[in-house]
Structure formats: C-alpha cells, structure tokens
Amino acid sequence: MSSRQKIYVGLAVSASVCTGIVLFLYLRHRRKLALSKTPNSKTSASIFSHRGSQYTDITSSSSDNVSGNSESVKFRSDGATVEVDIPGGCIPLTTDQAIVLMRFLDESKNDIERLHRILTNIANSATINESQINLTNAGCINHLRDILLTTNNDTTKCKILLALNNLALNDYTITHFNGIVSIVINLCRTTSLNSSVRLYGLNLLINMSVLEYLHDEYMKDINEFDLLIKSTFENQDEMLSIGKVLVNLSTNKLNIENLLKITSIELQIIVKLCTPNKKLINNDVSSKLEDILLRYVTFYCNLAEMIVNELQHKSQSTYNIKSWLIDPLPYRQGAVYFELFDHDKQMSSKSILRPQYASNIINKQIKRLRHAMDTIRQIQFESSVLSVNDEFNDDDHITTVTDFSTPKKFPESPIIIDDNNLENSFDVLTKDVNEQFEDDNTILPDPCSPSDQSLPSFRSANSTNENNTFTSLDESIST
C-alpha cells in the first residue's frame with residue numbers, strides 16, 4: 001500500500017471516530033433534554049400521585065434551574081414504578097409535591113431503605129420556610145410523630161428527629177408540635193448515654209423551646225424533665241444542650257413556679273464541675289466548660305430577676321400575692337427555690353460565685369446574680385418588717401378603747417354630807433397609807449440626779465448599741 005492510500009485510510013478512520021463521538025454526544029444531549037430543561041426556558045415537571053389503585057399526573061411549574069438542584073426518586077407501589085422529582089435545599093417544595101411525598105412516606109414504612117431516603121428528602125426540604133409550611137399542611141409532623149412512636153430503628157429515629165429539628169424553627173409549624181415534647185423527653189431518658197438519638201433529641205428540645213408556644217408542655221412534664229437534666233451531667237455536650245433549654249425556658253415568667261421545683265441542679269455543684277483547671281485541661285475543653293457555666297448562671301440570673309420583679313409587684317399590690325413566692329411547702333428538699341430564698345443557701349452560693357473567669361460575659365452574669373440575690377434578701381427583710389407592723393396594727397384595731405371624753409351621766413340623787421362621818425373616813429385613810437409606807441423598802445433616787453434618767457435606760461435595753469446607731473441594709477449585705 002502506497003503512502004497516499006495510507007493517508008486516505010487514516011483520514012477515513014479519523015472521520016468515523018469523530019462521527020461516532022459526535023453521535024454519542026448528540027444522543028446524550030437529547031437524553032438530558034428529555035429529563036431536564038434547557039436554559040432560559042420553563043417547562044412542567046410531571047409528578048405522579050397515587051389515588052386508590054390508579055396514578056394521576058400532577059403538573060407543577062418550577063424554575064429553570066431545577067435540574068441542577070433536584071433528585072429523581074423512584075418508588076414502586078402496587079406493581080407500578082413511580083418517579084418523583086424532589087427539589088434540593090435551594091428550591092422549596094410545592095403544595096402538590098409535599099402531598100405526594102407524604103403519601104409515599106405512608107407506603108414506605110415497611111421498607112427501611114426507601115423510608116430513610118424519603119426522610120432525608122423531608123429533612124433537606126424543611127430547611128426552607130415555604131417548604132416547612134407546605135409539609136406541615138400536608139400532615140408531615142403527624143406522620144413523623146407516629147413513626148417515631150412505633151419504630152425501633154435508631155437510624156430512623158435520628159432522621160425523624162433531624163427533620164423535626166428543621167421544622168421546629170417556624171412560628172407556624174411549631175403550633176403543630178403538640179405532644180412531641182413529652183415523646184422526645186421520654187425518648188432521651190430511655191436511650192443510652194452518648195448516643196446519636198439522644199443528641200438529636202436534646203437538639204430538638206432546644207429548638208422547640210426557642211418559641212414560647214410549647215413551654216407549657218415542658219412544665220407539665222417537669223418531673224420527667226428534671227430526671228433528664230440529672231442524667232446529662234455525665235456528658236459535656238449533653239449538659240450544654242440541656243443548659244440551653246433551661247435558658248430558653250427561664251425567659252418566660254409563666255414557667256418560674258415550675259422551674260423552682262427542679263431538684264437536680266445545685267449551683268455550687270455546677271460551678272465546681274464547670275470551673276476549668278487550665279493546668280490539667282486543654283483550651284478546647286476549658287472553653288466548653290465555660291460555655292456550660294455561662295448557660296447555668298444565666299438560667300439562675302433569669303429566675304432571680306423574674307422573682308425580684310414579682311416580689312416588687314407584690315409589695316406594691318397586696319392583692320396579687322403569689323403563694324409560691326412566700327410558701328416553701330410545695331417544694332421538695334434541694335429545689336432551686338431554696339437556693340434563691342434561703343439565706344444560708346444564698347450565702348454558700350455567693351461564697352463560690354466570684355468574677356474570676358477569663359470570659360467577661362460570665363463575670364457580668366455572676367455580678368447580676370449576686371445583685372439579684374441581695375435584692376431578694378432585702379425584699380424579704382422589708383416584707384418581714386411590714387408583716388410585724390401589720391400584726392401590731394391588727395392588735396390595735398382589736399383592742400377596745402374606752403371613751404372618757406364624754407362624762408357619764410348618773411341618775412341624780414340627794415347627797416347627804418355628815419361632818420362626823422367625813423372626819424372618821426379621813427382618819428382611817430390616813431392610817432392605811434402610813435402602814436403601807438412603813439413596809440416599803442424602795443430606794444429613792446438621788447435628788448441631784450436628772451429626772452429623766454429612766455428614758456435612756458429604756459432605750460439602751462431595746463437597742464443593739466449604746467448610741468442607737470444602725471447600719472443600713474445594703475452595707476450589711478455587702479460585707
């Protein structure tokens with residue numbers, strides 16, 4: 001074969017290869033166009049929903065960049081294969097898509113792999129506000145609640161808790177979370193320590209406590225919540241999470257009475273556990289311990305300042321007395337109530353609460369707490385003084401006072417004066433007085449002494465110092 005023929009053969013082979021490549025790229029491009037949209041155009045995506053034993057097309061308009069942020073999910077139901085395009089985190093779910101997703105969620109409860117894929121899509125879609133609302137209206141929260149109560153698979157629980165975490169950060173969707181607080185508290189209590197389920201559950205408790213809508217559910221299960229708090233002291237991450245929940249709950253004054261019933265927290269123990277020893281631990285652990293301490297000190301600050309406001313309101317209006325502020329009987333031994341109202345507990349807590357930390361925020365919170373404790377003590381002292389005065393005033397009102405301003409009128413009768421009888425009576429009276437003074441051994445005062453000596457003696461017997469000077473309450477507390 002000549003060189004010219006070789007050249008022709010080479011060109012033919014090259015042309016055939018190029019033609020094959022072009023044909024392959026063309027077919028690939030056509031396939032992409034069939035599954036997605038071309039740039040700068042809008043088409044409709046076909047979604048299938050199951051109605052009875054048939055599938056009905058649901059068309060919905062979406063933006064032109066769906067192909068890059070969507071996932072095609074295939075499901076098989078009653079022998080039919082159904083394909084659904086679920087938008088990614090950048091594209092919100094439409095109302096129809098949320099409804100379809102919930103129907104497939106019901107059908108996938110017995111298929112763990114398919115169930116986990118749907119839960120992952122729900123969690124990703126729930127990061128957008130519009131998707132949160134559409135999923136909630138489609139009944140997503142109720143479906144997730146039912147599955148959480150019945151499943152024994154830890155991975156399923158984690159995915160459900162993750163989806164609920166995203167859905168909880170919406171002031172509309174949170175109104176559909178009724179009953180979930182008690183479920184999550186019980187789940188965290190019965191799950192092994194340091195598990196992913198427990199960590200996701202504590203994070204959900206944080207998110208559900210951000211808004212005040214579900215606070216009453218925490219208060220209804222305050223005893224179970226108290227036990228959960230106690231179980232978190234063995235793990236720093238869990239202790240930090242529960243501290244965040246306590247801070248959120250302590251911002252609502254309606255929760256004060258129940259939060260004061262908590263017995264698993266003691267300020268002295270918290271301070272000892274969370275005061276870092278920089279010689280023995282690294283900076284990361286020290287920073288986490290300070291974060292934990294900040295949450296618990298802030299919790300006590302919020303409670304103490306709320307109590308101060310309530311006590312001051314009570315002192316201004318005697319008709320709005322809060323019984324739980326003055327009556328310790330409803331509280332068990334070791335409750336938070338006694339740390340803020342008992343003088344000995346206050347002094348022992350203040351003895352270790354000192355602004356000695358590297359964090360200025362912690363130092364400021366400690367100063368706030370000490371000041372609030374002093375204010376509570378001052379109000380208690382003033383209230384006790386007022387109560388004593390009220391008792392004396394009540395006694396004065398009860399005492400009967402005889403009115404001598406108007407002389408009584410006696411019936412007029414003739415008075416007969418006999419000089420002999422009058423003289424005899426005077427002699428007898430004089431004799432009795434002389435006999436009494438003969439037996440009297442009383443020491444008479446010196447005529448040279450002041451006449452009002454008894455007055456200062458009376459004052460000194462009822463005062464704590466000789467000059468009758470008193471130290472103000474603020475000074476005595478500060479010392």
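Just so it is clear, the structure is predicted and the values come from calculations on it, not from any experiment.

(A) Molecular detail of the overall build of the protein chain. Across its full length, the protein chain holds 21 helices and four strands. The burial tally for the protein chain puts 36% of its 479 residues in the buried class. Pairs at least 24 residues apart make up 68% of the contacts formed inside the protein chain by residues separated by at least 6 positions. Summing over all exposed atoms, the protein chain offers an accessible surface of approximately 29900 Å²; the carbon and sulfur share of this is 53%.

(B) Layout of the side chain of E238. On the secondary structure map, E238 appears in helix α11 (residues 236-249). E238 gets classed as buried once you look at its relative accessible area, which sits at 3%. Setting aside chain neighbours within four positions, we find E238 in contact with L193, N194, R198, L202, S231 and T232.

(C) Representation of the nonpolar core within the structure. Membership of the largest hydrophobic core comes to 94 residues, with the highest contact counts inside it found for L135, L164, F177, M208, F225 and L340. A total of 14 residues in this core trace back to one element, the largest contributor, which is helix α14 (residues 283-316). Those residues in contact with F225, other than ones at most four positions away along the chain, are I185, Y218, I242, V245, L246 and L249.

(D) Region of the structure containing the UniProt feature "transmembrane region" (unreviewed entry) in the protein chain. According to UniProt, the "transmembrane region" (unreviewed entry) feature falls on residues 6-27. When the span residues 6-27 is considered, its composition is 100% helix and 0% strand, and the gap between its end C-alpha atoms is 32 Å.

(E) A look at the environment of N207. Tracing the backbone through its elements, the reader meets N207 in helix α8 (residues 196-208). Under the relative-accessibility criterion, N207 is labelled buried at 17%.

(F) View of unusual backbone geometry. Of note, N194 is a non-glycine position whose phi angle comes to about 60°, a positive value. With respect to the helices and strands, the residue N194 is situated in the loop between α7 (180-190) and α8.

(G) Summary view of the pattern of salt bridges. Taken as a whole and judged by the stated rule, the model has nine salt bridges. A salt bridge links D106 to K109, with the shortest nitrogen-to-oxygen separation between them at 4.0 Å.

(H) Region of the structure containing α8. The terminal C-alpha atoms of α8, which comprises 13 residues, lie 18 Å apart, in line with the 18 Å expected from a rise of 1.5 Å per residue. Every buried residue of α8 is accounted for by V197, R198, G201, L202, L204, L205, I206, N207 and M208. For α8, the elements touching its buried residues are α6 (154-167), α7, α9 (215-220), α10 (222-231) and α11.

(I) Inspection of a nonpolar patch on the surface at higher detail. A contiguous nonpolar patch, built from V9, V13, V17, I21, F24 and L25 and spanning about 560 Å² of accessible area, is present on the exposed surface. By secondary structure assignment, the location of I21 is in helix α1 (residues 3-35). Classification of I21 by relative accessible area gives partly exposed; the value is 46%.

(J) Quick peek at the environment of E310. Mapping E310 onto the fold places it in helix α14. Sequence separation of E310 and K253 is 57 residues, and the distance between their C-alpha atoms is 9.1 Å.

(K) Highlighting the packing of aromatic side chains. This model, assessed by the stated rule, comprises five aromatic pairs. Ring geometry for Y218 against F225: centres 6.0 Å apart, planes inclined by 80°, an arrangement best described as edge-to-face. Taken as a pair, Y218 and F225 share a single burial class, namely buried. An aromatic cluster is built from Y331, Y337, F338 and F341, whose rings are joined through pairwise contacts.

(L) Broad picture of the packing of α7 against α10. In contact at an axis separation of 10 Å, α7 and α10 are set at 35° when each is read in the N-to-C sense. For the element pair α7 and α10, the recorded crossing hand is left-handed. Seen from α7, the contacting residues are I185, C188 and R189; seen from α10, they are E224, F225, L227 and L228.

(M) View of the packing of helix α5 (residues 140-150) against α7. Interhelical geometry of α5 versus α7 gives an angle of 30° and a closest axis separation of 11 Å. Considering the angle they form, α5 stands roughly parallel to α7. Of the two elements, α5 crosses α7, and the hand of that crossing is left-handed. On α7, the residues that touch I141, R145, L148 and L149 of α5 are I180, I183 and L187. Considering only residue class, the contact of α5 with α7 consists of six nonpolar, no polar and one charged.

(N) Broad picture of α5. Taken together, the buried positions of α5 are C140, I141, H143, L144, R145, I147 and L148. The inward-facing, buried residues of α5 contact α2 (95-107), α3 (112-125), α4 (129-137), α6 and α7.

(O) Fine view of the environment of I307. Summarising the element assignment, I307 is placed in helix α14. Given a relative accessible area of 0%, I307 falls into the buried group. Between the C-alpha atom of I307 and that of I376, which follows or precedes it by 69 residues, the distance is 7.7 Å.

(P) Broad picture of the confidence of the model for the protein chain. Across the protein chain, pLDDT averages 74, with 64% of residues at or above 70. Per-element confidence in the protein chain ranges from a low mean pLDDT of 32 for helix α20 (residues 454-461) to a high of 96 for α8. Residue range residues 36-68 is modelled with pLDDT below 50. Its contacts to residues more than four positions away, or to other chains, number 53 contacts.

Parameters at a glance
- Residues numbered from 1 in each chain as written.
- Predicted model: local features only at pLDDT ≥ 70, side-chain atom pairs only at ≥ 80, totals over all residues.
- Heavy atoms only, no water.
- Helix = DSSP H or I, 4+ residues; strand = E, 2+ residues; numbered from the N terminus.
- Buried < 20%, exposed > 50% of the residue type's maximum accessible area, 1.4 Å probe, protein only.
- Contact = heavy atoms within 4.5 Å.
- Areas by Shrake-Rupley, 256 points an atom, 1.4 Å probe, with all protein chains shown as cover.
- Core = buried A, V, L, I, M, F, W, Y, C linked by side-chain atoms within 4.5 Å.
- UniProt positions renumbered as here; feature names shortened; annotations may be inferred.
- Salt bridge = Lys/Arg side-chain N within 4 Å of Asp/Glu carboxyl O.
- Expected span 1.5 Å × (residues − 1).
- Patch = residues over 30% accessible without salt bridge, like charges linked within 9 Å, V, L, I, M, F, W, Y side chains within 5 Å.
- Phe/Tyr/Trp six-rings, centres within 6.5 Å; stacked < 30°, edge-to-face > 60°.
- Axes fitted to C-alpha atoms, helices over the stretch in contact; angles between N-to-C directions.
- Left-handed = near helix turned anticlockwise from the far one by under 90°.
- Parallel < 35°, antiparallel > 145°, perpendicular 65-115°, else oblique.
- Nonpolar A, V, L, I, M, F, W, Y, C, P; charged D, E, K, R; others polar.
- pLDDT = per-residue confidence, 0-100.

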